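This is what each chain is made of:
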Amino acid sequence: MNILYLCTGNSCRSQMAEGWTRHLGGADIAVRSAGLEAHGLNPNAVATMQEAGVDITSQHSAILADADLDWADLVITVCGHADEHCPLLPPDTNKQHWPIDDPAGATGSDAEVAAIFAATRDLVRDHVSTLLADHSRTAAQ
């Protein structure tokens, strides 16, 4: 299965989802992430994933291309803006929406911001784990 995570800037949530999918997915899972814009990897996203043992430093922030949509079996939008502005998908492509708040807008002390990023990381991990478990059950049937 080819999974594409889509968000506005491809800097935090979609990058975390891509990282978790690479970390937790099996050999039959391929993954990419893209944004309606490319804001670069958010350093806080990189740090919080590293704390969980997942290195996303080799991933890059990319702008959504038609080739990504043609490649994907499943497109998952992780923010409302991307969900609302998602281009028309090919007929056989499935779509899901995970409404996840953007941690990049977090304010407060360093510890408070880190806690918000960690909560987002853990929420994304839960979503990815459920997705992969559902895929494994379906594939086994």
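Read on for an overview of the structure. Residues take numbers from 1 onward in each chain, read along the sequence in its written order. Owing to the predicted nature of the model, reporting of local features is limited to residues with pLDDT of at least 70; listing and counting of side-chain atom pairs is limited to 80 or more, with chain, interface and lining totals taken over all residues. The side-chain quantities take in all heavy atoms of the structure and omit both hydrogens and water.

### A closer look at the pattern of salt bridges
In step 1: The term salt bridge refers to a side-chain nitrogen of Lys or Arg lying within 4 Å of a carboxyl oxygen of Asp or Glu. Evaluation of the coordinates by the stated rule reveals nine salt bridges.
In step 2: A salt bridge links R22 to E18, with the nearest nitrogen and oxygen atoms 2.5 Å apart. Highlighted residues: R22 and E18, both in helix α1 (residues 13-24), separated by four residues, approximately one helical turn.
In step 3: Each residue's exposure class comes from its accessible area (1.4 Å probe, protein chains only) as a fraction of the maximum for that residue type: buried when under 20%, exposed when over 50%, partly exposed otherwise. Assessed through its relative accessible area of 49%, R22 is described here as partly exposed. Each helix corresponds to a stretch of at least 4 residues labelled H or I by DSSP, and each strand to a stretch of at least 2 residues labelled E; elements are numbered beginning at the N terminus.

### Some thoughts on the side chain of T8
In step 1: Tracing the chain through its elements places T8 in the loop between β1 (2-7) and α1.
In step 2: Within the structure, the side chain of T8 is placed 3.1 Å from the side chain of H81, a separation counted as a polar contact.
In step 3: Contacts between residues were defined by any pair of non-hydrogen atoms, one from each residue, lying within 4.5 Å. With residues up to four places along the chain from it excluded, the contact list for T8 reads G35, L36, E37, C79, H81 and A82. In the analysis that follows, any N or O atom pair within 3.5 Å is treated as a polar contact, provided that within protein one partner can donate a hydrogen and the other can accept it, and provided that, for residues neighboring in sequence, both atoms belong to side chains.

### Quick word on the side chain of N42
In step 1: Structurally, N42 can be placed in the loop between β2 (30-35) and α2 (43-51).
In step 2: Owing to a relative accessible area of 14%, N42 belongs among the buried residues under this scheme.
In step 3: A distance of 2.7 Å separates the side chain of N42 from the backbone nitrogen of N44, its partner in a polar contact.

### Considering the sheet that holds β2
In step 1: Two strands qualify as a pair provided that DSSP identifies no fewer than 2 bridges between them. Across the sheet, which stays open at both edges, the four strands sit in the order β2-β1-β3-β4 with parallel pairing between neighbours. A strand with exactly one partner marks an edge of an open sheet, and here the two such strands are β2 and β4 (94-97). Neighbour to neighbour, the strand axes of the sheet diverge by 20° on average, direction disregarded.
In step 2: Bridge count between β1 and strand β3 (residues 74-77): four bridges; the pairing is parallel. Pairing of L6 across the sheet is with T77, part of β3.
In step 3: Under this scheme, a helix contributes an axis fitted over its contacting stretch, all axes are lines through C-alpha atoms, and angles between N-to-C directions fall in the 0 to 180 degree range. In the packing of α1 onto the sheet, the strands contacted are β1 and β2, and the crossing angle to β2 comes to about 175°.
In step 4: Packing against the sheet, helix α5 (residues 110-140) makes contact with β1, β3 and β4, and its axis sits at approximately 155° to β1.

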